[in-house]
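Geometric and topological summary
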Amino acid sequence: MNQRLNQRQLKELKDCFNLFDGDNSGSISVKELKKVCESLSINVRERELNELMKLMDSDGSGCVDFQEFVDVMADQFFREPTPAELEAAFDTFDQDKSGYINEEELLVVMSRFKGNITKSDVQKMISAVDKDKDNRINKKEFINIVLNHNKN
């Protein structure tokens, strides 16, 4: 395992890996990677998928195991997202382009990753980051939680 990651970071990577590993095989296939991209509304061509897989699949097995996933993703914990990346991430959630992420939007996006998420779960997520208590997440609240989360 990557020595720079703490236990919380490794757990987050494992949780993320498990979301990608839809068939619980212990590895991520090209098909699973494509499904994740589609759930994020990322249009990716077959050639790009294969290039991404080749980058991640260091042992050439055709799938990405957890160690390979950690090796690729570990650096993400130690870099600051760019303003463009933060904007794009916010826009993924803000489906109606209102400038806010409401309960329904968060539920839709989170359900893509974790099918059994409840309205109560979403309400808890919103209340945890909703500093102005308007029951929605504005861009400033979103950026603050992302940037503060990366520092922990």
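Before any of the text, the structure's been laid out above.
Below you will find a few notes about this structure. (Residues numbered from 1 in each chain as written. Predicted model: local features only at pLDDT ≥ 70, side-chain atom pairs only at ≥ 80, totals over all residues. Heavy atoms only, no water.)

**Some remarks on the pattern of salt bridges**
For the record, the criterion: A side-chain nitrogen of Lys or Arg and a carboxyl oxygen of Asp or Glu constitute a salt bridge if their distance falls within 4 Å. Here a strand is any run of E in DSSP of at least two residues, a helix any run of H or I of at least four, and the numbering for each starts at the N terminus. A 1.4 Å probe rolled over the protein chains alone gives each residue an accessible area, and that area as a share of the maximum for its type sets the label: buried under 20%, exposed over 50%, partly exposed in between.
Taken as a whole and judged by the stated rule, the model has eight salt bridges. The salt bridge partner of K139 is E87, with a shortest N-O separation of 2.8 Å. In this pair, K139 sits in helix α8 (residues 139-151) while E87 sits in helix α5 (residues 83-93), placing the two residues 52 residues apart along the sequence. Taking relative accessible area as the criterion, E87 reaches 35% and is therefore assigned partly exposed. Between R136 and D134 there is a salt bridge, with its nearest N and O atoms 3.1 Å apart. On the accessibility criterion, D134 (27% relative accessible area) is partly exposed.

**With respect to helix α7 (residues 119-129)**
Short version of the rule: Note: the arc covers the axis-to-C-beta directions of the helix.
Those residues of α7 not exposed but buried are V122, I126 and V129. For α7, the buried positions fall inside an angular range of 75° around the axis, keeping them on one side. Those residues of α7 that are exposed and aimed more than 90 degrees away from the buried face are K124 and A128.

**Digging into the nonpolar core**
Going by this rule: Within this scheme, the nonpolar core is defined by two criteria: the residues are buried Ala, Val, Leu, Ile, Met, Phe, Trp, Tyr or Cys, and they are joined through side-chain atoms within 4.5 Å. Any two residues having at least one pair of non-hydrogen atoms within 4.5 Å are treated as being in contact.
Formed by 17 residues in total, the largest nonpolar core has its most connected members in L5, L13, I28, V64, F69 and V70. Every element with two or more residues in this core is listed here: α1 (7-20), α2 (30-39), α3 (46-56) and α4 (66-73). Here the element with the most residues in this core is α1; it accounts for four residues. Excluding its chain neighbours within four sequence positions, the residues that come into contact with V64 are F17, G26, S27, I28, M53, M56, D57 and F69. F90, F93, I126 and V129 belong to the second largest nonpolar core, which has 11 residues in total.

**Focus on α2**
Looking at α2, one finds that the buried residues are E32, L33, V36, C37 and S39. Viewed along the axis of α2, the buried residues span an arc of 165°, placing them on a single side of the element. α2 presents K31 and K35 as exposed residues on the side facing more than 90 degrees away from its buried surface.

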